[in-house]
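A closer look at the structure
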Amino acid sequence: MTRPSLRLAAALLLPLAALTACGSVQAAAGLPVETATPARTATPTPTPTATVAVEPVANDLALGSAHHELQAGGMTVAVDYWSTLDMGRWTPQAAKPIQLAATITGPNLGTAKKQQKAYVSAFTVTSSAVAADGTVTSPVSVQDVSRQTPGYLAMAPYAYSTSFVIPAVPAGTRSVELLISYDVLEQSAPGASDYSKQTANDTITVAIAPAVTPGS
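Analysis parameters
Residues numbered from 1 in each chain as written. Predicted model: local features only at pLDDT ≥ 70, side-chain atom pairs only at ≥ 80, totals over all residues. Heavy atoms only, no water. Helix = DSSP H or I, 4+ residues; strand = E, 2+ residues; numbered from the N terminus. Buried < 20%, exposed > 50% of the residue type's maximum accessible area, 1.4 Å probe, protein only. Contact = heavy atoms within 4.5 Å. Areas by Shrake-Rupley, 256 points an atom, 1.4 Å probe, with all protein chains shown as cover. Pairing = 2+ DSSP bridges. pLDDT = per-residue confidence, 0-100. Axes fitted to C-alpha atoms, helices over the stretch in contact; angles between N-to-C directions. Phe/Tyr/Trp six-rings, centres within 6.5 Å; stacked < 30°, edge-to-face > 60°. Core = buried A, V, L, I, M, F, W, Y, C linked by side-chain atoms within 4.5 Å. 1 Å grid on protein atoms, 1.4 Å probe; cavity = no way out; pocket = protein on both sides within 12 Å on 5 of 7 lines; lining within 4 Å. Points joined across faces, edges and corners; volume = space filled by probe spheres on them. Salt bridge = Lys/Arg side-chain N within 4 Å of Asp/Glu carboxyl O.

**Considering the overall build of the chain**
Broken down by element type, the chain carries 2 helices and 9 strands. Counting from the amino terminus, helix and strand elements in the chain follow one another as α-α-β-β-β-β-β-β-β-β-β. When each of the 216 residues of the chain is scored for burial, the buried share is 32%. Considering only residue pairs separated by 6 or more positions, the chain has 65% of its internal contacts joining residues 24 or more positions apart. About 14,200 Å² of surface is accessible on the chain, with carbon and sulfur atoms providing 58% of the total.

Next up, the structure:
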């Protein structure tokens, strides 16, 4: 081959060398080849879900009845509460009856001529429905005011007895709260026509069973 031919071959090889990839050059020279490291994808950490404990409802009529003793000044008002409707049927839509009998005792009270008497002149019950989130409905009150003077004799062997019905409550109600008051009149002296008034207050909480669905 003549010298001009050699120059032409060298000129053609130069562009090919310029187009050779750097990695190929490094590999050809025996040098380590750097490769791109793929980007790491962050794995999301699950957020723990807070568990809210639901407190059980305290049910004063869990056994079907309850006995409470209340103070009215120096007198004691012993009251028995019960329901003729099984607690499992105390659903929101049901009519829920409660009956009670109250007897008043005290150091000066009795049926003898030299003892004072005591009467219930008025009875009031206010009911409120309480939802699971603590929402309370507007209270509803029922009152029994004696039509005789001075009131209803409520000393053993007699008792003040009455009943009332808690109507349907909103769906989702967990309990019904009852605020109950007894206005008690005590004679100022045996046979006297003057009376002192004391009020005995009580609270009753009754759990509401889940609503009954058709076909259940």
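Once you've had a look at it, read on.
**Concerning the pairing of strand E1 (residues 65-72)**
Side chains of E1 alternate between two faces, with Ala66, His68, Leu70 and Ala72 buried and Ser65, His67, Glu69 and Gln71 left unburied. Where E1 hands over to strand E2 (residues 75-82), the hairpin turn is made up of 2 residues, of which Gly73 adopts a positive phi near 65°.

**Side note on the confidence of the model for the chain**
Looking at the chain, pLDDT values average 83 and 72% of them are 70 or higher. Considering only residues more than four positions removed or in separate chains, one finds that residues 1-29, a stretch of pLDDT under 50, has 7 contacts.

**A look at the sheet that holds E1**
Spatial ordering of the open sheet is given by E1-E2-E3-E7, a layout of 4 strands whose pairing is antiparallel. Edge positions in the sheet fall to E1 and strand E7 (160-166), since each has one partner strand and no second. On average, each strand axis in the sheet is tilted by 20° relative to the strand beside it, whichever way the strands run.

**Quick notes on the packing of aromatic side chains**
In total, this model carries 5 aromatic pairs according to the counting rule given. Relative to Tyr160, the ring of Phe123 lies with its centre 5.9 Å away and its plane at 50°, an arrangement referred to as tilted. Taken together, the positions of Phe123 in strand E4 (residues 118-131) and Tyr160 in strand E7 put the pair 37 residues apart, joining distant regions of the chain. When its relative accessible area of 3% is taken as the criterion, Phe123 is described as buried.

**So, the nonpolar core**
Membership of the largest hydrophobic core comes to 36 residues, with the highest contact counts inside it found for Val77, Tyr81, Ile104, Leu178 and Tyr182. Counting only elements with at least two residues in this core, the list comes to E1, E2, strand E3 (96-105), E4, E7, strand E8 (173-187) and strand E9 (195-207). Non-local contacts of Val77, meaning those with residues more than four positions away in its chain, are made with His68, Glu69, Leu70, Ala72, Ala102, Thr103, Ile104, Val184 and Ala200.

**Quick word on unusual backbone geometry**
Here the residue pair Thr149 and Pro150 is connected by a cis peptide bond, since its omega of 0° sits within 30 degrees of zero. Among the structural elements, Pro150 can be located in the loop between strand E5 (140-145) and strand E6 (152-153). Looking along the chain, the bond that leaves Ala156 and enters Pro157 is cis, with omega of 10°. With respect to the helices and strands, Pro157 occurs in the loop between E6 and E7.

**Description of the layout of surface pockets**
Space inside the largest pocket adds up to approximately 190 Å³. Residue lining of the largest pocket: 17 residues in total, with Ser127, Val140, Ile166, Pro167 and Val169 positioned closest to the centre. No other element matches E4, which puts 4 residues into the lining of the largest pocket.

**Observations regarding the environment of Met75**
Positionally, Met75 belongs in strand E2. Taking C-alpha positions, Met75 is 8.9 Å from Glu186, a pair spaced 111 residues apart along the chain. Ignoring anything within four residues of it in the chain, the contact list for Met75 reads Leu70, Ile104, Thr105, Leu109, Ala118, Val184, Glu186 and Gln198.

**Some words on the pattern of salt bridges**
Opposite charge on two side chains makes pairing possible when the charged atoms of those side chains draw close. Taken as a whole and judged by the stated rule, the model has 1 salt bridge. For Asp183, the salt bridge identified is with Lys197, shortest N-O distance 3.9 Å. Here Asp183 is found in strand E8, whereas its partner Lys197 is found in strand E9, with 14 residues between them in sequence.

**Focus: the pairing of E8**
The buried fraction of E8 amounts to 12 of the 15 residues, a majority that puts the element mostly inside the structure. Here 13 bridges tie E4 to E8, and the two strands are oriented antiparallel to one another. Across the sheet, residue Ser127 finds its bridge partner in E8, namely Leu178. In this structure, E8 lies alongside E9, joined through 13 bridges in antiparallel fashion.

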